[in-house]
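As a plain string of letters, each chain reads:
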Amino acid sequence: MAIAEMRKVTIIGHLADRAAITGELQRAGVMELEAIEEETESGPGPGGAGPGDVEASTGVETGAVEQRIAELKFCIDFLDKLERVKKGLIQQFAGSKIPVDLDEFGNMTRDEGWFRPVHSQCRDYDSRLSALRNEENQIQNLLRQLAGWVWLDLPLEELGGTRHAGIVLGSVAAKAYDNLASEARSACDGLYIEARRSDDGRDVYFVVIYAREDEQALFDVLKKHEYTRHQFPALTGTPRECAGAARQRLDAISGEREGILGEARKLLSYRTRIYALYDSLSLERDRLAASRQSVATRRAFAIQGWVASDNIPALRDLLMKRFDSIVIKDEPPADGEAVPVTLKNTSLVTPFEAVTEIYSMPHPEGIDPTPWLAPFFFVFFGMCLGDVGYGILLTLLCVILLKKIRMAGLGKKLFILLAISGVSSAVMGAVTGSWLGNLVKVKPLWFNPLDNPILMLGVSFALGLIQILVGLGIKFGMNVRRGRIVDAVFDQGFWFLLILGLALIMVSGQVKVAGISTLATWLSAVGAVGLIATQGRANKGIIKRLASGVLSLYGITGYLSDVLSYSRLLALGLASSVIANVIDDLALRLTGIPILGWIGMVILLVVGHTFNLLINVVGSFVHSSRLQYVEFFNKFFEGGGRRFSPFRVRTKYIDIDDIDLVGEREA
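Student: For the overall build of the protein chain, give the residues involved together with the corresponding values.
Tutor: In terms of helices and strands, the protein chain carries 21 helices and 15 strands. Taken over C-alpha atoms, the radius of gyration comes to 39 Å for the protein chain, far larger than the 26 Å a tight globule of 667 residues would show. In terms of overall dimensions, the protein chain has C-alpha extents of about 120 × 90 × 70 Å along its principal axes. For the protein chain, the proportion of contacts with a sequence separation of at least 24, taken over those separated by at least 6, is 80%. Entry remark: accessible area of the protein chain is about 34500 Å², with carbon and sulfur atoms responsible for 58%. Between the centroid of the 71 positive side chains of the protein chain and the centroid of its 75 negative side chains there is a distance of 5 Å.

Student: Outline the side chain of Ser 624, supporting the account with residue identities and numerical values.
Tutor: Within the secondary structure, Ser 624 is located in helix H21 (residues 596-632). Under the relative-accessibility criterion, Ser 624 is labelled buried at 0%. A distance of 2.7 Å separates a polar side-chain atom of Ser 624 from the backbone oxygen of Ser 620. When sequence neighbours within four positions are dropped, the list of residues in contact with Ser 624 reads Phe 377, Phe 380, Phe 381 and Cys 384.

Student: Give a detailed account of the sheet that holds strand E8 (residues 228-230), specifying residues and quantitative values.
Tutor: Pairing in this open sheet of four strands is antiparallel, and the strands run E6-E7-E5-E8 from one edge to the other. Each edge of the open sheet is held by one strand with a lone partner, namely strand E6 (192-197) and E8. The average undirected angle you get between the axes of adjacent strands in this sheet is 25°. Sheet topology places strand E5 (residues 165-173) next to E8; three bridges connect them, and they run antiparallel. For Leu 169, the partnering residue across the bridge sits in E8 and is His 230. Running over the sheet, helix H7 (residues 215-224) touches E5, strand E7 (203-211) and E8 and is turned about 165° from E7.

Student: Which residues make up a negative patch on the surface, and what values do they have?
Tutor: Together, Asp 153, Glu 157, Glu 158 and Glu 241 make up a negatively charged patch on the protein surface. Among the structural elements, Glu 157 can be located in the loop between helix H5 (115-146) and E5. Judged by its relative accessible area of 45%, Glu 157 is partly exposed.

Student: Please provide a residue-by-residue account of helix H8 (residues 239-265), values included.
Tutor: Taking 1.5 Å of rise per residue, 27 residues should cover 39 Å, and H8 covers 38 Å from first to last C-alpha, within 8% of that figure. Looking only at H8, the buried set comprises Pro 239, Cys 242, Ala 243, Ala 246, Leu 250, Ile 253, Arg 257, Ile 260, Leu 261 and Ala 264.

Student: Any details on the pattern of salt bridges? Residues and values, ideally.
Tutor: According to the stated counting rule, one finds 31 salt bridges in the structure shown. Across the pair Glu 71 and Arg 116 runs a salt bridge, and its minimum N-O distance is 3.1 Å. One end of the pair, Glu 71, is in helix H2 (residues 51-82); the other, Arg 116, is in helix H5, with 45 residues separating them in the sequence. Look at Glu 71 and you get buried, because its relative accessible area is 11%. Its salt-bridge partner being Arg 212, residue Glu 215 comes within 3.2 Å of it at the nearest N-O pair. The network of salt bridges with shared partners includes Glu 5, Arg 7, Arg 316 and Asp 330.

Student: Mind laying out helix H13 (residues 388-404), listing which residues take part and the relevant values?
Tutor: With 17 residues, H13 should cover 24 Å at 1.5 Å per step; its first-to-last C-alpha distance of 24 Å lies within 8% of that length. Put simply, Asp 387 is the residue that caps the front of H13, since its side-chain oxygen is 2.8 Å from the backbone nitrogen of Gly 389.

Student: Please give an account of the packing of aromatic side chains that cites residues and values.
Tutor: A complete count under the given rule lists 26 aromatic pairs for this structure. Measuring from centroid to centroid gives 6.1 Å for Tyr 210 and Phe 219, while their planes differ by 90°, and the two rings are edge-to-face. In this pair, the class of Tyr 210 matches that of Phe 219, namely buried. Each member of the aromatic cluster is reached from another via a ring pair, and the members are Tyr 359, Phe 376, Phe 380, Tyr 566, Tyr 629, Phe 632, Phe 633, Phe 636 and Phe 637. Between the NZ or CZ atom of Arg 123 and the centre of the ring of Phe 74, over which it lies, the distance is 3.8 Å.

Student: Run through the layout of surface pockets, naming residues and quoting values.
Tutor: One simple way to see leftover space: roll a probe sized like a water molecule over the atoms. The space that makes up the second largest pocket amounts to roughly 630 Å³. Elements with a minimum of two residues in the lining of the second largest pocket: helix H15 (453-481), helix H16 (485-508) and helix H19 (556-565). For the lining of the second largest pocket, the leading source of residues is H16, giving seven residues. A per-class count over the lining of the second largest pocket returns 18 nonpolar, two polar and no charged.

Student: An account of the packing of H5 against H8 is requested, with residue identities and associated values reported.
Tutor: One way to put it is that H5 packs onto H8 with a least axis distance of 10 Å and a crossing angle of 160°. Of the possible angle classes, the one that applies to H5 and H8 is roughly antiparallel. Viewed along their axes, H5 and H8 form a crossing whose handedness is left-handed. Classifying every residue of the contact of H5 with H8 by side-chain character gives 15 nonpolar, one polar and eight charged.

Cut-offs used in this document
- Residues numbered from 1 in each chain as written.
- Predicted model: local features only at pLDDT ≥ 70, side-chain atom pairs only at ≥ 80, totals over all residues.
- Heavy atoms only, no water.
- Helix = DSSP H or I, 4+ residues; strand = E, 2+ residues; numbered from the N terminus.
- Rg over C-alpha atoms; globule rule 2.2 N^0.38 Å.
- Contact = heavy atoms within 4.5 Å.
- Areas by Shrake-Rupley, 256 points an atom, 1.4 Å probe, with all protein chains shown as cover.
- Lys, Arg positive; Asp, Glu negative; His and termini not counted.
- Charge placed at Lys NZ, Arg CZ, Asp CG, Glu CD.
- Buried < 20%, exposed > 50% of the residue type's maximum accessible area, 1.4 Å probe, protein only.
- Polar contact = N/O pair within 3.5 Å; in protein donor to acceptor, adjacent residues only side chain to side chain.
- Pairing = 2+ DSSP bridges.
- Axes fitted to C-alpha atoms, helices over the stretch in contact; angles between N-to-C directions.
- Patch = residues over 30% accessible without salt bridge, like charges linked within 9 Å, V, L, I, M, F, W, Y side chains within 5 Å.
- Salt bridge = Lys/Arg side-chain N within 4 Å of Asp/Glu carboxyl O.
- Expected span 1.5 Å × (residues − 1).
- Phe/Tyr/Trp six-rings, centres within 6.5 Å; stacked < 30°, edge-to-face > 60°.
- Lys NZ or Arg CZ within 6 Å of the ring centre and 35° of its normal.
- 1 Å grid on protein atoms, 1.4 Å probe; cavity = no way out; pocket = protein on both sides within 12 Å on 5 of 7 lines; lining within 4 Å.
- Points joined across faces, edges and corners; volume = space filled by probe spheres on them.
- Nonpolar A, V, L, I, M, F, W, Y, C, P; charged D, E, K, R; others polar.
- Parallel < 35°, antiparallel > 145°, perpendicular 65-115°, else oblique.
- Left-handed = near helix turned anticlockwise from the far one by under 90°.

Here it is, written out as structure tokens:
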């Protein structure tokens, strides 16, 4: 139950086996690769290609794979536009990969001959749909331009005018039209102008027929009023006729599009195979990238990385059985190396790693807080939700989801944690007598917080005090392990005595135990004197040391604040119970109404308790985690560890069964 011991593993083998060994490492999924920064022997070998040529070949192969992946991604995006894969809220969180066993995955990706025609068809359909979309946009723009001219009974091909007369179509702001028309008539004798307001009344569309000799004067007036000229050089017929033809074309485009989409949807039957091929090539790309992290000579290569010590024997057996001439050596990390971190706990504690991992991975030289926070989180969550019915429902819901949806990594840990937390809630509900609020009348095993909130508050403070003392104890142990015994005694031991002594003083009036007051006084006194004498030890001079020691006692307010923070356990527990009771009371009042009242009661109970369950599950998880992060971790936790990221099978669309050969997969 700790941070797993990591060792650096170096694998040396024949260059010809590099691809196969890399593949085995990917399937095993227990080694985080690390580039070897060493100079390699260059130049061609006596009998063939040298390492430089091999690396160049790998680069070319990677480029080819990337090109095929891009083609597959195009097909996936095209098919997704035809039919979006619907994901539920749970699937968005836990993932929605398609489960496929290893043999089926191999069959789906072995033959790629079918893909080329599918890709060509996707390209063709996409091109035709794009062309229709562009034409549709152009027609829509044309219709918007023609919208102001449907009243004009003049063929658009005649807008060029004659030798002696010209025609111009334009629009101008409605407020400027009267002046424009007046000035144009003044400037041009015999001018004909006709106009209509736009539907929204903001603009005026006008047609002007003028003598050619007045053209310059006319356009001077039009420009003065900032008119917009409208031209339709490619159209024939009146604007109304052109608009009608455009609408007919839109209808035709819609039909053509439906026809193309109907043909394209037949390709949806290939989508799963495309997903599989995409993931297969992605795995191949990862293997090529891993190969490029190794170093090579003319005939051999070496690849290096981090492996948890427990997985080294199995990895060694796996590779040694298949490859005769392979050398595997492992060694502890050198001083100053950035060692990745992975957690190692029992199956019961592993789900609680979700709480730790959401916050931060611990420092490689620190301590995994998961086993220490697990019992507190279990109890805190139960106190916050605290209902037998809610706990059973939460556990059942999580178990069903875990059965129905394949999950891995953090998502799987989180749902198992919620299932366990449901058990905690049910237990705490039985202790406090809450069964779907007060819907089921069962006597509490201990007390009802609604009847005795002070006792619940005291229990919350007591649990908080215990967790804080545990945190100090963990830090004490860490300092002892590092040989800092003095720091452990001075910085944690004296605080432990002072806090424990003050706590005993506070409860000594309620607990009739002989000598408890004397013990509490001595513990407090020894703790306080010890802190005064030691907390200023970094300063020079007795006065500064004593002054710093006295001032350090102010730190007791921080501990007091931490303990008070645990009152949220009471608040959330009461909130959950009060809301449940209100829902029950309102629902039961409806039973006085025949038939409809009973139906309303059922609806209100289902909706109300579902709402209360959901919001309080979120609140219970957030605040139980918050107590770990803020009040508990700050006593000892050293974060900043780099998460262990093994080279393994990572797929985007397909969840491959039976792929693990060594250890457990990680997210």
